[in-house]
Structure formats: structure tokens, C-alpha cells
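A structural walkthrough
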Amino acid sequence: MTAPAAVLVTEPRAVGRRRTPLLTVVGATLGLLVLLTIAIGPWLIGKDPYAIDVGNRFAGPSAAHWLGTDELGRDVASRIAHGARATALIALGAVALATAVAIPLGVLTGFLGGWVDLVVTRVVDLFFAIPSLLVAIGVVGLFGPSLTTTILALGLSYWPFYTRLIRAAVVGIRSRPYVDAARVLGASRLRVIRTDILTGLVPLVLVQTTVLLGFAILDEAALGFLGLGVQPPQASWGSRLAESREFILAHPELALVAGVPIVLAVFAMNLLSDSLRDRLDAKRTG
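The paragraphs below set out a description of the structure included in this document.

What counts, and where the lines are drawn
- Residues numbered from 1 in each chain as written.
- Predicted model: local features only at pLDDT ≥ 70, side-chain atom pairs only at ≥ 80, totals over all residues.
- Heavy atoms only, no water.
- Helix = DSSP H or I, 4+ residues; strand = E, 2+ residues; numbered from the N terminus.
- Rg over C-alpha atoms; globule rule 2.2 N^0.38 Å.
- Buried < 20%, exposed > 50% of the residue type's maximum accessible area, 1.4 Å probe, protein only.
- Contact = heavy atoms within 4.5 Å.
- Axes fitted to C-alpha atoms, helices over the stretch in contact; angles between N-to-C directions.
- Parallel < 35°, antiparallel > 145°, perpendicular 65-115°, else oblique.
- Left-handed = near helix turned anticlockwise from the far one by under 90°.
- Nonpolar A, V, L, I, M, F, W, Y, C, P; charged D, E, K, R; others polar.

Further remarks concern the overall build of the protein chain. Across its full length, the protein chain holds 10 helices and 0 strands. Overall, the protein chain shows an N-to-C arrangement of helices and strands of α-α-α-α-α-α-α-α-α-α. In summary, the protein chain has a C-alpha radius of gyration of 24 Å against a globular reference of 19 Å for 286 residues, an excess of more than 25%. Dimensions of the protein chain, computed from the C-alpha atoms along their principal axes, are close to 75 × 70 × 30 Å. Counting only residues that meet the buried cut, the protein chain has 40% of its 286 residues in that class. Long-range pairs, those at least 24 residues apart, make up 71% of the contacts in the protein chain with a sequence separation of at least 6.

Here it is in C-alpha cells:
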């Protein structure tokens, strides 16, 4: 009789134990590493990213220069750390701009429908006919390459997809019974949008924002590689990648050092978005 009792005591503990997936841990670790690079990297390295030392070009890693020096004798580690701040600012600004445009338009078109939905949907379809990178290149060509222009270019290239996603989610939420009940009880449209629609959009916005951050980091690198992003001597991950392009055969380590942070940051955002989506889905269905 003692064995079954032991099983009854230990079994609920085993069922109640939840383990954090390995990919979530990896994503959180990489994300924390990126945040530390942005926050304390320049202070920890303590080198001027713009100081030129022509006599010390292409130096290897050492105690003075952790990742060596580039074609102008500048400290590579310092430029990577300072460039992380510029890249993060571009990614956050572009995603914030896209979100600020997509949420109001998506909510209005999905909730109101009618001619508002028709007009906005046609405009979104027009933007979908043009590749997003081509839209970004057009904006940069119109206003000139700079950090602010890169934010504007990426934000304008992201909002159509984000708007369509928000609209589809609002259409689904609008048809749910608790929204109909709120209308029957006399709730105004503004109250329904504020208490029911926007609340239901929170999981989608959190996941999609994380995904777009990864896309923004990658697209900033693409624009920088084409010479249309942040301009030298200002440091960013994209501009650092562009600067190493001319020496990729003689000194491939410069391109490798510039590309690895981009890959790790995008990988971290993808892992975190997947983990966040799984947790929110489990919470909603649990």
C-alpha cells in the first residue's frame, strides 16, 4: 500500500514542473548580450571609434585592440560597440514608426469596414506591388542617406504588411461573442475598441514587434552594405560591413567580425519571437 501512496505524492509535482525551452534560453542570452553591448560596450572598451592610426592598419587582436584595427587603424571592437547603438536606434525607430501607422489604420479598417477599409486596403496593395527594399532605397534616394532617413525608409517599408496583419486580427476579434455582448449593452465604438479590440491585439503586437526588430537589423545592414544607410565615419553595423567589403579577400576577418553581430542579433530576435508566441498561445488556450 505504500508504493501507490508514493506515486500519488510525487506525480503532481512532476506534472506541475515547467521547463524553459532551450531555444528560449539561447535567445534570451543572445538578446542580453546585444543589450550589454549597446549599454556598456563603448564604456568597457574605452576606445575612440573615430581615432585614426594609419601606422597601425590591419593589426590583429591584442590587449590594446580586442578585435584588431581596420583599414584606417581604427579600433574594430569600439566601432562595433558604438555601431550597435546606431543600429538599435534605427531598428527601434523604424518599428515604432511602422507600429504607430499600422495599429490605427488596421483597427479602423478592420472595425469599421466599408469605404474606409476599401481605400486603405487598395493603398496597402499598391505598396505590396513594390518590394520593401526598393521602397527603402527610393526614400533614401529622395532625402539622402542618413540615420534619420534610414529610420523613415524602413518604417515606410514595414507598415503595409503590419497594417494588413492588424486588420485581419481585428476582423477576427470583432466577430467574437464578448464584443457583440458589449455592443448590446450599449458600449460605444470607442469603448469597444479601447477595452476589447486593443486588448486582444496585445499578443500579436508583442510578437510582431519582436519579429520586425530582427528584420530592421537585417535591412539596416543591407542598406549600409549598399552605401545607402548610415554614412562614414559614423559607425553602424551596416556601415561597418560596407567598409570591410573592399578588403574581403585580403582581410576577411573584418567582414566576419562585422557580420557575426548582425547574425546573432537577428537570430536572437527570431528565437525570442517564437518563444513569446508559444507562451502567449499557451496562455490564451490554457
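There is more to say after this.
Along the chain, Ala 168 turns up in helix 6 (residues 147-174). Between the alpha carbons of Ala 168 and Val 107 there is a distance of 9.2 Å; along the sequence they are 61 residues apart.

Right, let's get into the packing of helix 2 (residues 22-45) against helix 3 (residues 76-112). At their nearest, the axes of helix 2 and helix 3 sit 8 Å apart, and the two run at 155° to each other. Between helix 2 and helix 3, the crossing angle belongs to the class labelled roughly antiparallel. The chirality of how helix 2 crosses helix 3 is left-handed. For the pair helix 2 and helix 3, contact is made by Thr 37, Ile 38, Ala 39, Gly 41, Pro 42 and Ile 45 and by Ala 77, Ser 78, Ala 81, His 82, Ala 84, Arg 85 and Ala 88, respectively. Across the contact of helix 2 with helix 3, the residue classes break down as 8 nonpolar, 4 polar and 1 charged.

A few words on unusual backbone geometry. In this model, Pro 232 is joined to Pro 233 through a cis peptide bond whose omega is 10°. Even without glycine at this site, Phe 58 takes up a positive phi of about 55°. Position of Phe 58 among the secondary structure elements: in the loop between helix 2 and helix 3.

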